[in-house]
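The lines below spell out each chain.
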Amino acid sequence: MCARDCPDACFLDVEVKDDVIVSVRASSENPVTAGITCPRALGDPQRVYSMDRVLNPYIRKTREGQRFELATWDDALGHVAKRLRETLDRHGPESVLLLDYYGNAGLLSSGFSRRLWTALGATRTDGAVCSASGHAALRLHYGLSYGVEPEALLDRKIIVFWGFNAKHSSPHTWALALRAKMENDAAIVVVDPRQSESTSMADLWLYPRPGTDVALCYGLARHLITNGHVDAGFVEDHCVGYEEYVEEAMRWTPERVEAVTGVSWEGVEALGDALVKYGDPVFMIGIGLNKSLSGAESVRAVSLIPALLGKHRGFYYTNSRGRCLAGDMEGDTLTDLAPRTVSQISVGERLAAGEFRFVYVQNMNPALTLPDSNSIREGLQRDDIFLAVHDTHLTETCRLADVVLPAATYLEKDDVVLSDSHPYVRKALKAVEPEGKSRDEVWVMRKLARRVGVKDRWVYDDPWAEAGRTLANAFIDGGFEDLICGSTLRLRMRPADEYQTPSGRIEFYSSAAEEGVSPLPRQVELLQGSDEFILVSSSLPRYTHTQFRDVYGEIPVQVWINPADAERHDVQEGAEVTLFNDYGRLRLTTVVTDRVPRGVLWAPRELIDGGGNAQNSLTRGVPQMIGGGPVFNSTKVKIL
Ligand SMILES: Nc1nc2c(c(=O)[nH]1)N[C@H]1C(S)=C(S)[C@@H](COP(=O)(O)OP(=O)(O)OC[C@H]3O[C@@H](n4cnc5c(=O)[nH]c(N)nc54)[C@H](O)[C@@H]3O)O[C@H]1N2
Ligand SMILES: Nc1nc2c(c(=O)[nH]1)N[C@H]1C(S)=C(S)[C@@H](COP(=O)(O)OP(=O)(O)OC[C@H]3O[C@@H](n4cnc5c(=O)[nH]c(N)nc54)[C@H](O)[C@@H]3O)O[C@H]1N2
Ligand SMILES: [Mo]
């Protein structure tokens, strides 16, 4: 199973000859991920044996010369453990930061390997860089954030991709939507400020200004309400707070909706009428939608539309919160320590301010992927910070490290991977032995724990025993032993009509909204100067974030600009332009296209320009109020 941070979590067939991986293909054993091998899996043989692979531990000798020296595991771990022990003794566990994400999403590689840091009481982040705000948003109205399973798309009549470029970001979900269209005459709708790749098969595309989706949703709700399309019985039986919601929706006149969103009222009506005409809708809520100043508010607003139409959880965001897991891979419940958690979005500011003395990075390339990357880089390079990075490949973050530790790729270690969308699981088997001296996360974590003198026995427990506890009642068609023996199992999901809200119902008017949070979705205004652009970014099929540049070359250094804006700024197709703001600057090549509206720019995400500037040098390290998520898609820039 592919362990990358991607909702599809494919089953793969890996062909090995003479202990070398020669090909990776989609396996037919998973009904959702069969049939399509994405370019990243296809490129895996090259990625495993790439020139950028870290094959040995390295220790930096001098800061200035950027010189790394080859080291043994013994020396490297000794060095890391010594500095960790000193930091703990002198500055306490708060000054130690674990900075990690889901470069490998396996229960062992990303979960169990945190146990050392839990036992030490080290500071951790809230992990909010991706989907956290959307989860918090859905919690306000539905409780847990799980929704429709991908295969259910086949029976739906209208599929709305809202801030979700599934053709690139979840190709197997996209394939199911296309099948629904071909086999079942389902309609596909895309709501995206730019003409994303997913609009190519869309029956309807609406393009609101970035971050104005709440206004669009209230407009849509008004249309459905005034034309008698609300399922009153469903609302009566399963919802609360409808009256307050209607009152707010009616404040959104067609003129006001048009002025805020830039979408014509005819467009709003067209979507409303299509929902009614086709019936049985599902709203595919993108993680892209949740990454703006009003991201959580937008997710809230979209999620309530299917409730108007009488659907139980008629949306998909991700399904990770709908599983029935027990256990505690990370060990949080096994200690009395209550580690400090800091915002992942604003970690750059804290690093640069010298709040930490020791930083351990795994499964992540924060030098390029976190917002305000100039602060991140500046912080990680401070003389008083010791940085250890455990990665499979030599990343920009590795280059800043004091010690680099070589990691085994997902094809070189056993693990368990749970998909964020589909319910199928089988044991993730290693295909080959780890290249060079690379080792897995659990191995490294335990070696370090011994050297630092950690006594807690649960740090040294068998990770598979804990995985067994975690998954004891997780499947509907078998037990953990069956999984270990090679069976493909199906995760048990919570019922669609169960709502974990205070009222046990869908709450249009959220009673769980804390102080400062509006009980109803609220349109947050993003002020934009006349010479300012909103820069939106999203993924390309060949890259997972910053990975696969060794296989496919650098992420294209491009920016899309509308022809009218290009003319106004006297910019030609193919010209180099500089985007800048108070945080940083970036030099990109223009693509003049009406696939972006005026005032909006789009670029592939997490790119790095010819001068080594990260796209994220332009993005703000300010968390959203709801859920603490990022605001990448509300980045304001000017053009030079
Ligand atoms: N501008 C902008 N920035 C964004 C976003 C955006 O939309 N716009 N999106 C954000 C989102 S949604 C996310 S999820 C984050 C992702 O941020 P990151 O998680 O930092 O993304 P990657 O570049 O994939 O980094 C993962 C790292 O893990 C390493 N790795 C892979 N497998 C293993 C393994 O088995 N073991 C170890 N130890 N390492 C491994 C890879 O080599 C890679 O360096 O980026 C965010 N950044
Ligand atoms: N190939 C590939 N696939 C991936 C990944 C990858 O790196 N590469 N990463 C995985 C990860 S970690 C994630 S989080 C997912 C993300 O995948 P998606 O959920 O699809 O999110 P994004 O790709 O960030 O953005 C999707 C769309 O949102 C639009 N958008 C931006 N702002 C707004 C807005 O305010 N309103 C509306 N309506 N639309 C908006 C963008 O223009 C973009 O087309 O992809 C996963 N799949
Ligand atoms: Mo993500």
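These numbers were taken from a predicted model, which means no experiment stands behind them.

In the vicinity of ligand 2, 34 residues are found, and the nearest of them are Ser169, Asp192, Gly211, Ile287 and Tyr543. One of the backbone nitrogen or oxygen atoms of Gly288 is found 3.0 Å away from an oxygen atom of ligand 2. His545 is positioned such that a nitrogen or oxygen atom in its backbone is 2.8 Å from an oxygen atom of ligand 2. When ligand 2 sits alone it has 910 Å² of accessible area, and the protein chains cover 98% of it. Of all the secondary-structure elements, those providing two or more residues to the shell around ligand 2 are helix 7 (166-169) and strand 20 (533-538). Residue composition of the shell around ligand 2, grouped by class: 14 nonpolar, 13 polar and seven charged. Built from parts of two domains, the shell around ligand 2 gets at least three residues from each of domain 2 (133-320 + 502-507) and domain 3 (533-639).

Before going further, it helps to examine the environment of Leu206. Relative to the elements of secondary structure, Leu206 occurs in strand 9 (residues 204-206). Accessibility expressed as a relative area gives 4% for Leu206, which makes it buried. Apart from residues no more than four positions distant in its own chain, Leu206 is found in contact with Val190, Val191, Asp192, Val263, Gly267 and Leu271.

Okay, the pairing of strand 3 (residues 58-62) next. As paired strands, strand 3 and strand 4 (residues 67-70) are joined by four bridges and run antiparallel to one another. Bridge pairing in strand 4 links Tyr58 to Leu70. Of the pairings in the sheet, the one linking strand 3 to strand 16 (residues 403-406) comprises two bridges and is antiparallel in character. Each bridged residue has a counterpart across the sheet, and for Tyr58 the counterpart in strand 16 is Val404.

On to a negative patch on the surface. Side chains of Asp231, Glu236, Asp237, Glu243 and Glu244 sit close together on the surface and give a patch of like negative charge. Secondary-structure elements contributing two or more residues to the negative patch are helix 10 (232-238) and helix 11 (242-250). Of note, Glu244 is situated in helix 11. On the basis of relative accessibility, which here comes to 33%, the residue Glu244 falls in the partly exposed class.

What follows is about the pattern of salt bridges. Summed over the entire model, instances satisfying the criterion amount to 42 salt bridges. Between Arg490 and Glu149 there is a salt bridge whose closest N-O contact spans 3.1 Å. Here the residue Arg490 occupies a position in strand 18 (residues 489-490), and Glu149 occupies one in the loop between helix 6 (132-142) and strand 7 (158-162), the gap between them amounting to 341 residues. With a shortest N-O distance of 3.3 Å, Glu247 and Arg251 are connected by a salt bridge. Taken together, the shared-partner salt bridges in this structure form one network comprising Arg115, Asp461, Glu466 and Arg469.

Taken together, 30 residues surround ligand 1, and among them Thr369, Asp391, Glu441, Thr546 and Gln547 come closest. Between ligand 1 and Lys291, the relevant distance is 2.9 Å, taken from an oxygen atom to a side-chain nitrogen or oxygen of the residue. Between an oxygen atom of ligand 1 and a side-chain N or O atom of Thr546, the distance comes to 2.5 Å. For ligand 1, the accessible surface in isolation is 920 Å², of which the surrounding protein chains cover 97%.

Contact geometry of helix 9 (residues 213-226) with helix 13 (residues 265-278) gives a least axis separation of 9 Å together with a crossing angle of 60°. The orientation of helix 9 relative to helix 13 falls into the category oblique. Relative to helix 13, the crossing made by helix 9 is right-handed. Taking contact as the criterion, the partners of Leu216, Gly219, Leu220, Arg222, His223 and Leu224 in helix 9 are, on helix 13, Trp265, Val268, Glu269, Leu271, Gly272, Asp273, Leu275 and Val276. In terms of residue class, the contact of helix 9 with helix 13 is made up of eight nonpolar, three polar and three charged.

The domains assigned to the protein chain are domain 1 (50-129 + 325-490), domain 2 (133-320 + 502-507) and domain 3 (533-639). Domain 1 and domain 2 are separated by 37 Å when their C-alpha centres are compared. Contacts between the two partners involve seven residues from domain 1, matched on the other side by eight residues from domain 2. Both sides of the domain 1 and domain 2 interface together cover about 560 Å² of buried area, and 43% of this is carbon and sulfur. It is Asp420, Ser421 and Tyr424 in domain 1 that bury the most area against domain 2; as a group they hold 68% of the surface buried on that side. At the junction of domain 1 and domain 2, the tally comes to one salt bridge. In this structure, the connection of domain 1 to domain 2 is made through four residue pairs in polar contact (both at pLDDT 80 or more).

Attention now moves to the sheet that holds strand 9. On the basis of which strands lie adjacent, the open sheet formed by five strands has the order 9-8-7-11-12 and parallel pairing. On the outer flanks of this sheet lie strand 9 and strand 12 (315-316), each paired with one strand and no other. Inspection of the sheet shows strand 7 paired to strand 8 (residues 187-191) by five bridges, in the parallel sense. Within strand 8, the position partnered with Phe161 by the bridge is Val190. Set on the sheet, helix 13 makes contact with strand 7, strand 8, strand 9 and strand 11 (281-285); between it and strand 7 the angle comes to about 140°.

Rules of the game
Residues numbered from 1 in each chain as written. Chains lettered and ligands numbered in written order. Predicted model: local features only at pLDDT ≥ 70, side-chain atom pairs only at ≥ 80, totals over all residues. Heavy atoms only, no water. Near = heavy atom within 4 Å. Polar contact = N/O pair within 3.5 Å; in protein donor to acceptor, adjacent residues only side chain to side chain. Areas by Shrake-Rupley, 256 points an atom, 1.4 Å probe, with all protein chains shown as cover. Helix = DSSP H or I, 4+ residues; strand = E, 2+ residues; numbered from the N terminus. Nonpolar A, V, L, I, M, F, W, Y, C, P; charged D, E, K, R; others polar. Domains from an automatic or database assignment. Buried < 20%, exposed > 50% of the residue type's maximum accessible area, 1.4 Å probe, protein only. Contact = heavy atoms within 4.5 Å. Pairing = 2+ DSSP bridges. Patch = residues over 30% accessible without salt bridge, like charges linked within 9 Å, V, L, I, M, F, W, Y side chains within 5 Å. Salt bridge = Lys/Arg side-chain N within 4 Å of Asp/Glu carboxyl O. Lys, Arg positive; Asp, Glu negative; His and termini not counted. Charge placed at Lys NZ, Arg CZ, Asp CG, Glu CD. Axes fitted to C-alpha atoms, helices over the stretch in contact; angles between N-to-C directions. Parallel < 35°, antiparallel > 145°, perpendicular 65-115°, else oblique. Left-handed = near helix turned anticlockwise from the far one by under 90°. Buried area = accessible area lost by both parts, 1.4 Å probe.

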